[in-house]
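So the chains spell out like this:
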2 protein chains.
Amino acid sequence: MDQTKIFLSESEMPRQWYNIQADLPTPMPAVLHPGTKQPVGPDDLAAIFPMGLIMQEVTTERWVDIPEPILEAYRIWRPTPLVRARRLERLLGTPAKIYYKWEGVSPAGSHKPNTAVPQAWYNMNEGVKRLATETGAGQWGSALSFATGLFGLECKVYMVRVSYDQKPYRRMLMETWGGQCVASPSNETNAGRAMLAKDPDSPGSLGMAISEAVEDAATRADTKYALGSVLNHVLLHQTVIGLETLKQLEMAGEYPDTVIGCAGGGSNFAGLALPFVRDKIVDGRKTRIVAVEPAACPSLTRGVYRYDFGDTAGLTPLMKMFTLGHDFMPPSIHAGGLRYHGMAPIVSHLKDLGLIEAEAHQQNPVFDAAVKFARTEGHVPAPETAHAIKAAVDEALRCRQTGEKKTIVFIASGHGHFDLASYQKYFAGELVDQEYSDEMIHAGLGTLPQV
Amino acid sequence: MDQTKIFLSESEMPRQWYNIQADLPTPMPAVLHPGTKQPVGPDDLAAIFPMGLIMQEVTTERWVDIPEPILEAYRIWRPTPLVRARRLERLLGTPAKIYYKWEGVSPAGSHKPNTAVPQAWYNMNEGVKRLATETGAGQWGSALSFATGLFGLECKVYMVRVSYDQKPYRRMLMETWGGQCVASPSNETNAGRAMLAKDPDSPGSLGMAISEAVEDAATRADTKYALGSVLNHVLLHQTVIGLETLKQLEMAGEYPDTVIGCAGGGSNFAGLALPFVRDKIVDGRKTRIVAVEPAACPSLTRGVYRYDFGDTAGLTPLMKMFTLGHDFMPPSIHAGGLRYHGMAPIVSHLKDLGLIEAEAHQQNPVFDAAVKFARTEGHVPAPETAHAIKAAVDEALRCRQTGEKKTIVFIASGHGHFDLASYQKYFAGELVDQEYSDEMIHAGLGTLPQV
């Protein structure tokens, strides 16, 4: 019998997260205070994050223990299956083996609960009563609503307007778990009101919504802020994905030639990739590790590696990252979770060091790959995930050309149950692929802060 | 570590379906020709079903081999996890143990692919090019679109109008897999046109949609009909659920005191229950086995055990079953998958023999149980599934009263990702529970055929 899925038992689940900072050939650039432009310390972040997470943000310990209550909540859906995509391989006629790590089995339908659960727990553990956050496609807001519900916290989600309108079910999902969701820009914060004054019809952006959530948290004593991607502690939590995948591949007698993930803020990509990056650094593995982004928001492939704010209003510390400028307003592509002007500092650093690669794709070929996947492997993927599928399909087709029997692993970060309107637009031929000129892509670079 | 999920490996998957007909204390009543009222033979069914499935409909062999291509497709999502609902237990303060068999991990999000895949395969195997079917909530239509896609068949789905309007994403899901979906009653069949002439605003019903799909299949040489519940071969395929559950419980050192499933046509209930019914018959087990239905469509609890048609137009053979009459028009409750006038003949027979019980619940307490489940166990269940949850919660609360440490197992037949509008109505207080008088419930009994 040809095995399709590789399951781990719960007792084989990782009990520690992996911290790439322990193994970097050169350390991460400092995070700077937005006013003084001096390196920030833990105390500077205490207004919006609990100390447990701040310490994870800066630690250089290689392994960080996962507290038992978090493991217990992980066991609601983890370990997730690693699946051999035999039907997709057959369709493509490739000699390559394609595996995907399927994070769509989580209650919120994506990898996001891997960090939502620890973030909610560490906040609860320090007496925080309420979390404020932003969400793009809605995956993160759903995940945090789910996680805060488990630990009895309130949750306020600022959802990018264009997704709020396109995906009403995402809001309903958050509310079913007890979360509260408003469209961003909203009238509920100074940042939101300022944005609405400038453009009452603003479609919103992740950067804008972050400004609103950070302001909410900074101005309420009972509230902290939670970010679904970008930051070091978020990527740390997501490494359960890659650690499980390593074990599952070992059970199958495999080691990958190519590791692929889509990249918006960078957390699902890093969650799969970081343990494999470690093997490149420590064991000299030659794995090709690829971050895939949309052509409409190509921070890694066409951005600059500079200090920038994480949000639009310039409230966050300055992080060195590949960025299109915090003023960059990405087109309303349907992969809302990839519409972010910057990239996680860790992912950016690895790209700068040449340890990972990046590529960008247009919407229509991405949806074409998604439909190929859905009609062979069954699961309908999120449009974000479909970017990774597109890159995996391309790699498998190259193997058909060359005859190479590569082993390709990608992360299927979530299902597309709330994204079906985008599939309809694709089938109706309503998705437009366009060339993005340097002028468009670099329009936001003029406002980069001087550091 | 307290184990939460019990996984089987793929090599532990059942390789045979279980046929309760081999173990019944009295045989099933004959199925009758709608014209002659004489027992039908295999040839009478050949116009709408392939012979492979017809033989499964009538066989009394105890074990039926699952062909390898079906096993291979099952491995896309099977075996499914059995989950200990520890968080729900804690919320209820019950000494009972609650397990749920989680079928929501399938690509279509429910148990329906367990039979959609074999039905598609047996049809393909006999050269059929196209399948016609009906769907209520959309679970079955999605599942068959997924399955026909795997084996290269076309698929036409007649979807009950009220669900078609409430759940546009279900239609989009079918189309993503290549299926074609129309609202029923439609203008595409004689049965549909007749119904529309009678009531242009008809909300439709499963019985109506079945009439349309049967007519489609009977009038096209390239097309057969596929039914998502009720029939013996459908229940046979679903026994993979109960067979896996038996193994998983054995791994946990458990045997259930109470087995629960929601029942519309009866297939998810039977899929879990039949192997446990066997243990009652063969080993004298005393398990309480409970089918749960909506108060608005209570065939098992308030219907009569009589010969009736499976559809509204009276095109199908006559089956002895608990029925509210094939003319019964259930109110537009949100558990669309449970809006069926009859009940699977096997389930009806077991109820008549006293081997299973039934209970009925109103919508609001059902959604209350669903939200309790979502906020503890994470997964947002389908409204159909929520009926089983309601019964499991009630049983667990009884155990809190009595102190009994019962082991309760229920089937979580699917997720509610496409049912969130119903949750919103529940939160908004817009769902109405009403007493259904005998006059309302038995309005359809006057047209029962004389046999």
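As the structure is a prediction and not an experimental result, all values here were calculated from the model.

> Could you give me a rundown of the overall build of chain A, with the residues and numbers involved?
Along its length, chain A carries 18 helices and 15 strands. Against the 2.2 N^0.38 benchmark of 22 Å for 451 residues, chain A shows a C-alpha radius of gyration of 20 Å, consistent with a compact globule. Referenced to the eigenvectors of the C-alpha coordinate spread, the extents of chain A come out at roughly 60 × 50 × 45 Å. Split into buried and exposed, the 451 residues of chain A put 68% on the buried side. Within chain A, counting contacts between residues at least 6 apart in sequence, those at least 24 apart form 77% of the total. As displayed, chain A has an accessible area near 14300 Å², and 49% of this comes from carbon and sulfur atoms.

> Explain the pattern of salt bridges to me, using residue names and the numbers behind them.
If you walk through the whole model with that rule in mind, you get 54 salt bridges over all chains. A salt bridge links Asp216 of chain A to Arg130 of chain A; the nearest nitrogen and oxygen atoms lie 2.8 Å apart. Separated by 86 residues along the polypeptide, Asp216 of chain A in helix α10 (residues 206-218) and Arg130 of chain A in strand β6 (residues 130-135) bring together distant segments of the chain. Taken as a pair, Asp216 of chain A and Arg130 of chain A share a single burial class, namely buried. Note that Lys167 of chain B and Asp419 of chain B form a salt bridge whose closest N and O atoms lie 2.3 Å from each other. Of this pair, Lys167 of chain B sits in the loop between α7 (161-166) and α8 (168-176) while Asp419 of chain B sits in the loop between β15 (407-412) and α17 (420-427), placing them 252 residues apart in sequence. Asp419 of chain B gets classed as buried once you look at its relative accessible area, which sits at 3%. Where salt bridges share partners, they join Arg288, Glu357, Glu359, Glu395, Arg398 and Lys406 of chain A into one cluster.

> I'd like to hear about the pairing of strand β5 (residues 97-102) of chain A, residue by residue, with values.
All names here are of chain A. Here β5 lies mainly inside the structure; five of its six residues are buried. Where strand β4 (residues 82-84) and β5 come together, three bridges link them in antiparallel fashion. From the neighbouring strand, Leu82 faces β5, where its bridge partner is Lys101. Relative to strand β15 (residues 407-412), β5 runs parallel, the two sharing six bridges. For Tyr99, the partnering residue across the bridge sits in β15 and is Val409.

> Lay out helix α12 (residues 267-283) of chain A in plain terms, naming residues and giving numbers.
Residue and element names in this part refer to chain A. For α12, spanning 17 residues, the distance from its first C-alpha to its last is 24 Å, which sits close to the expected 24 Å at 1.5 Å a residue. At Ala273, α12 shows its strongest bend, of approximately 45°, with the proline Pro275 following within four residues. When you tally the buried positions in α12, you get 13 out of 17 residues, the bulk of the element.

> Could you give me a rundown of the interface of chain B and chain A, with the residues and numbers involved?
Opposite the 52 residues of chain B that make contact, chain A presents 52 residues. Here chain B and chain A share an interface that buries about 4500 Å² over both sides, 55% of which is from carbon and sulfur atoms. The interface formed by chain B and chain A contains six salt bridges. One salt bridge in this structure joins Arg87 of chain B and Glu72 of chain A, with 3.3 Å as the shortest N-O distance. At the junction of chain B with chain A, the criterion picks out 25 residue pairs in polar contact (both at pLDDT 80 or more). Mapped by element, the contributors of at least two residues to the side of chain B that touches chain A are α3 (68-74), α4 (86-92), α6 (139-151), α8, α15 (363-377) and α17 of chain B.

> Pulling in residues and values, what's your account of the state of the cysteines?
All names here are of chain B. Considering all chains together, one arrives at zero disulfides over all chains under this definition. Note on Cys181: no disulfide assigned, nearest cysteine sulfur contributed by Cys155 at a separation of 9.2 Å. For Cys297, which is in no disulfide, the shortest distance to another cysteine sulfur is to Cys262 and amounts to 12 Å. Assessed through its relative accessible area of 2%, Cys297 is described here as buried.

> Which residues make up the relation of the copies chain B and chain A, and what are the values?
The transformation that overlays chain B on chain A combines an axial shift of 0.0 Å with a rotation of 180°, and the residual RMSD is 0.0 Å. The two molecules are tied by a two-fold rotation axis, judged by turn and shift. For chain B, the residue whose C-alpha comes nearest the rotation axis is Val105 of chain B, separated from it by 3.1 Å. Interface overlap between copies is the fraction of interface residues in one copy that are interface residues in the other; for chain B against chain A it reaches 100%, indicating a shared surface.

> Describe the confidence of the model for chain A, naming the residues involved and giving the relevant values.
Close inspection of predicted coordinates is inappropriate for parts of the model with low pLDDT. Averaged over every residue, the pLDDT of chain A is 95; residues scoring 70 or more account for 100%. What the predictor reports for the complex is a pTM of 0.96 with an ipTM of 0.95.

> Give a detailed account of the sheet that holds strand β4 (residues 82-84) of chain B, specifying residues and quantitative values.
In any sheet, the strands associate via hydrogen bonds between backbone groups, in a parallel or an antiparallel arrangement. If you walk across this open sheet you meet the seven strands as β1-β4-β5-β15-β10-β11-β14 (chain B), and the pairing is mixed. At either margin of the open sheet sits one strand with a lone partner, and together these are β1 (5-6) and β14 (357-361) of chain B.

> Account for the packing of helix α2 (residues 51-58) of chain A against helix α5 (residues 113-125) of chain A, with residues named and values stated.
All names here are of chain A. Relative orientation of the contacting elements α2 and α5 amounts to 130°, with a least axis distance of 8 Å. By the angle between their axes, α2 is oblique relative to α5. Note on element contacts: α5 touches α2 through Gln119, Tyr122 and Asn123, opposite Gly52, Leu53 and Gln56. Along the lines of polarity and charge, the residues of the contact of α2 with α5 split into two nonpolar, four polar and no charged.

> Break down unusual backbone geometry for me, citing the residues and quoting the values.
Negative phi values dominate among residues other than glycine, just as trans dominates among peptide bonds. Residue Pro185 of chain A is reached from Ser184 of chain A by a cis peptide bond, and omega for that bond is 5°. Cis geometry marks the peptide bond from Arg78 of chain B to Pro79 of chain B; its omega dihedral reads -5°. Secondary-structure assignment places Pro79 of chain B in the loop between α3 and β4. The phi torsion at Val230 of chain B lies on the positive side, around 70°, for a residue other than glycine. Summarising the element assignment, Val230 of chain B is placed in the loop between β9 (223-225) and α11 (232-251).

> Provide a residue-level description of the packing of helix α2 (residues 51-58) of chain B against α11 of chain B, including the pertinent values.
Residue and element names in this part refer to chain B. Their axes nearest at 7 Å, the elements α2 and α11 cross at an angle of 85°. By the angle class used here, α2 and α11 are roughly perpendicular. Residues Leu53, Gln56 and Glu57 of α2 form the contact with α11, whose own contacting residues are Asn232, His233, Leu236 and His237.

> So what's going on with helix α10 (residues 206-218) of chain B? Which residues, and what values?
Residue and element names in this part refer to chain B. For α10, with 13 residues, the first-to-last C-alpha span of 18 Å sits near the 18 Å given by 1.5 Å per residue. With twelve of its 13 residues buried, α10 lies for the most part within the structure. Listed as buried for α10 are Leu206, Gly207, Met208, Ala209, Ile210, Ser211, Glu212, Ala213, Val214, Glu215, Asp216 and Ala217.

> So what about the sheet that holds strand β8 (residues 180-184) of chain A? Which residues, and what values?
Residues and elements named next belong to chain A. Taken together, the four strands give an open sheet; going across it, the order is β8-β7-β6-β9, and neighbouring strands pair in parallel fashion. Strand pairing shows two members of the sheet lacking a second neighbour, β8 and β9 (223-225), which therefore form its edges. Averaged over all adjacent pairs, the angle separating strand axes in this sheet is 25°, with direction ignored. In the packing of helix α8 (residues 168-176) onto the sheet, contacts are made with β6, β7 (154-160) and β8, and the angle to β7 comes to roughly 175°. Lying on the sheet, α10 is in contact with β6, β7, β8 and β9; it crosses β6 at an angle near 170°.

Criteria and cut-off values
Residues numbered from 1 in each chain as written. Chains lettered and ligands numbered in written order. Predicted model: local features only at pLDDT ≥ 70, side-chain atom pairs only at ≥ 80, totals over all residues. Heavy atoms only, no water. Helix = DSSP H or I, 4+ residues; strand = E, 2+ residues; numbered from the N terminus. Rg over C-alpha atoms; globule rule 2.2 N^0.38 Å. Buried < 20%, exposed > 50% of the residue type's maximum accessible area, 1.4 Å probe, protein only. Contact = heavy atoms within 4.5 Å. Areas by Shrake-Rupley, 256 points an atom, 1.4 Å probe, with all protein chains shown as cover. Salt bridge = Lys/Arg side-chain N within 4 Å of Asp/Glu carboxyl O. Pairing = 2+ DSSP bridges. Expected span 1.5 Å × (residues − 1). Bend = angle between axes of the 7 residues up to and from the residue. Buried area = accessible area lost by both parts, 1.4 Å probe. Polar contact = N/O pair within 3.5 Å; in protein donor to acceptor, adjacent residues only side chain to side chain. Disulfide = S-S within 2.5 Å. Least-squares fit on C-alpha atoms with pLDDT ≥ 70 in both. pLDDT = per-residue confidence, 0-100. Axes fitted to C-alpha atoms, helices over the stretch in contact; angles between N-to-C directions. Parallel < 35°, antiparallel > 145°, perpendicular 65-115°, else oblique. Nonpolar A, V, L, I, M, F, W, Y, C, P; charged D, E, K, R; others polar.

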